[in-house]
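What follows is each chain in one-letter form.
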Amino acid sequence: MARIPIGLQLFSVRHDLERDFHGTLRAVAEIGYEGVEFFGAPTRSAEELRAALHTYRLRCCGWHTPFALVQDDKLEETIAFHRTLGNRYVIVPGIPPQLRTSRADWLKLAAFFAKLASKLEPHGLVTGYHNHHIEFQPLDGEQPWDTFFSHTPPSVVMQLDTGNAAYGGADVVDILRRYPGRARTIHLKPYSRTAGKDDPRHGFRPVIGEDALPWPEIFQLCETAGGTEWYIVEYESDAFPPLEAVRRCLSALKAMGK
């Protein structure tokens, strides 16, 4: 298959972005990232963001869109924004806690996302869901991840966050095997259970290549069965300055042939 491009989830460099928006985008492009994934409610117009991406020769590889912005009262505005920006991937990065307290809740969410995907598709947009760790903690006899993705159509993107999943105790390779074609975008987040032995949060401190995830198996599945269109790096520890951390991650991926 064709080479999969590598983007950066801008949450990784959020503080730099707040201090110097354009300088940070320029630095991300100079490091070698081909795209960026935004997060949160928009604070700049779609036109301004599109112009900035053009200036730095970056593509938009997604947006972590708050759940509130894909409800019916906001959906028309959300669609117009992303069409103007040129973003295809509307990824919901989490669900309010009160809406996910039972397996029945996750089934309701699956039905909602199936309908949402059918509403976005005519506009050239796709929707997806991004995990944290709670999706792999059994709820009413089943992992919420399986409750959700076994009841949604293939049009709902499974944006697997490798580090968050490992933190939750999941087998990342097994997930990719069991849901072929669903990982159209995937978060490459490092994690080491050894580093997190005393404090699980410390498992996020190693950069890619210095962690314990089985990257060759992950890449092999993404590039054969996953349907993956973007690799997206996310690093969220404070072990390194943010731009240095994401540079190290990309260097490691390049050394692996990515």
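Above this text you will find the structure in question.
Owing to the predicted nature of the structure, the values given are computational and were not obtained by experimental measurement.

### Comments concerning the overall build of the chain
Right, so step 1: Counting its secondary structure elements, the chain contains 10 helices and 8 strands.
Right, so step 2: In summary, the chain has a C-alpha radius of gyration of 17 Å against a globular reference of 18 Å for 258 residues, a match within 12%.
Right, so step 3: For the chain, the C-alpha atoms occupy an extent of roughly 45 × 45 × 35 Å along the three principal directions.
Right, so step 4: Considering the chain as a whole, with its 258 residues, one finds that 52% of them fall into the buried category.
Right, so step 5: In the chain, once contacts between residues fewer than 6 apart in sequence are set aside, the share between residues at least 24 apart is 77%.
Right, so step 6: Accessible surface, the chain as shown: approximately 11400 Å² in total, 51% of it carbon and sulfur.
Right, so step 7: Looking at the chain, you have 29 positive and 32 negative side-chain charges, and the mean spots of the two groups are 3 Å apart.

### Concerning the layout of surface pockets
Right, so step 1: Looking at the largest pocket, its volume works out to about 250 Å³.
Right, so step 2: Leu 17, Phe 21, Phe 38, Phe 39 and Thr 43 are, among the 13 residues lining the largest pocket, the residues nearest its centre.
Right, so step 3: Breaking the lining of the largest pocket down by element, the ones donating at least two residues are α1 (14–19) and β2 (35–39).
Right, so step 4: The dominant element in the lining of the largest pocket, judged by the number of residues it contributes, is α1, at 3 residues.
Right, so step 5: Partitioned by chemical class, the residues of the lining of the largest pocket number 9 nonpolar, 1 polar and 3 charged.

### Details of the pattern of salt bridges
Right, so step 1: Inspection of the entire model under this criterion finds 16 salt bridges.
Right, so step 2: In this structure, Arg 44 engages Glu 48 in a salt bridge whose closest nitrogen and oxygen atoms are separated by 2.7 Å.
Right, so step 3: Within the structure, one salt-bridge network assembled from shared partners comprises Asp 161, Lys 189, Glu 234 and Glu 236.

### A closer look at the packing of helix α2 (residues 21–31) against helix α3 (residues 46–55)
Right, so step 1: α3 packs onto α2 with a crossing angle of 40° between their chain directions and a minimal axis gap of 10 Å. Between α2 and α3, the crossing angle belongs to the class labelled oblique. For the pair α2 and α3, the sense of crossing is right-handed. Residues Phe 21, His 22 and Leu 25 of α2 form the contact with α3, whose own contacting residues are Glu 48, Leu 49 and Ala 52.

### Quick look at the nonpolar core
Right, so step 1: Membership of the largest hydrophobic core comes to 76 residues, with the highest contact counts inside it found for Tyr 33, Phe 38, Trp 145, Phe 148, Leu 160, Leu 176 and Ile 218.
Right, so step 2: Looking at which element gives the most residues to this core, the answer is helix α5 (residues 103–120), with 7 residues.
Right, so step 3: Other than its neighbours up to four places away in sequence, Trp 145 contacts Tyr 129, Asn 131, Glu 135, Phe 136, Met 158, Gln 159, Leu 160, Ile 175 and Tyr 179.
Right, so step 4: Of all hydrophobic cores here, the second largest spans 7 residues; its members include Tyr 89, Ile 91, Val 126 and Val 157.

### Describing the sheet that holds β2
Right, so step 1: Read from one edge to the other, the open sheet built from 8 strands follows the order β6-β5-β4-β3-β2-β1-β8-β7, with strand pairing classed as parallel. The open sheet has two edge strands, β6 (156–159) and β7 (185–188), and neither has a second partner. Recorded for the sheet is a direction-independent mean angle of 30° between the axes of neighbouring strands.
Right, so step 2: Strand direction decides the pairing type here: strand β4 (residues 89–92) and strand β5 (residues 126–130), joined by 4 bridges, are parallel. What sits directly across from Val 92, in β5, is Tyr 129.
Right, so step 3: Those strands touched by helix α9 (residues 215–224) are β7 and β8 (230–233), and its axis lies near 170° from that of β7.

About the criteria used
- Residues numbered from 1 in each chain as written.
- Predicted model: local features only at pLDDT ≥ 70, side-chain atom pairs only at ≥ 80, totals over all residues.
- Heavy atoms only, no water.
- Helix = DSSP H or I, 4+ residues; strand = E, 2+ residues; numbered from the N terminus.
- Rg over C-alpha atoms; globule rule 2.2 N^0.38 Å.
- Buried < 20%, exposed > 50% of the residue type's maximum accessible area, 1.4 Å probe, protein only.
- Contact = heavy atoms within 4.5 Å.
- Areas by Shrake-Rupley, 256 points an atom, 1.4 Å probe, with all protein chains shown as cover.
- Lys, Arg positive; Asp, Glu negative; His and termini not counted.
- Charge placed at Lys NZ, Arg CZ, Asp CG, Glu CD.
- 1 Å grid on protein atoms, 1.4 Å probe; cavity = no way out; pocket = protein on both sides within 12 Å on 5 of 7 lines; lining within 4 Å.
- Points joined across faces, edges and corners; volume = space filled by probe spheres on them.
- Nonpolar A, V, L, I, M, F, W, Y, C, P; charged D, E, K, R; others polar.
- Salt bridge = Lys/Arg side-chain N within 4 Å of Asp/Glu carboxyl O.
- Axes fitted to C-alpha atoms, helices over the stretch in contact; angles between N-to-C directions.
- Parallel < 35°, antiparallel > 145°, perpendicular 65-115°, else oblique.
- Left-handed = near helix turned anticlockwise from the far one by under 90°.
- Core = buried A, V, L, I, M, F, W, Y, C linked by side-chain atoms within 4.5 Å.
- Pairing = 2+ DSSP bridges.

So, to be careful, I would describe these as geometric facts and stop short of saying anything about function.
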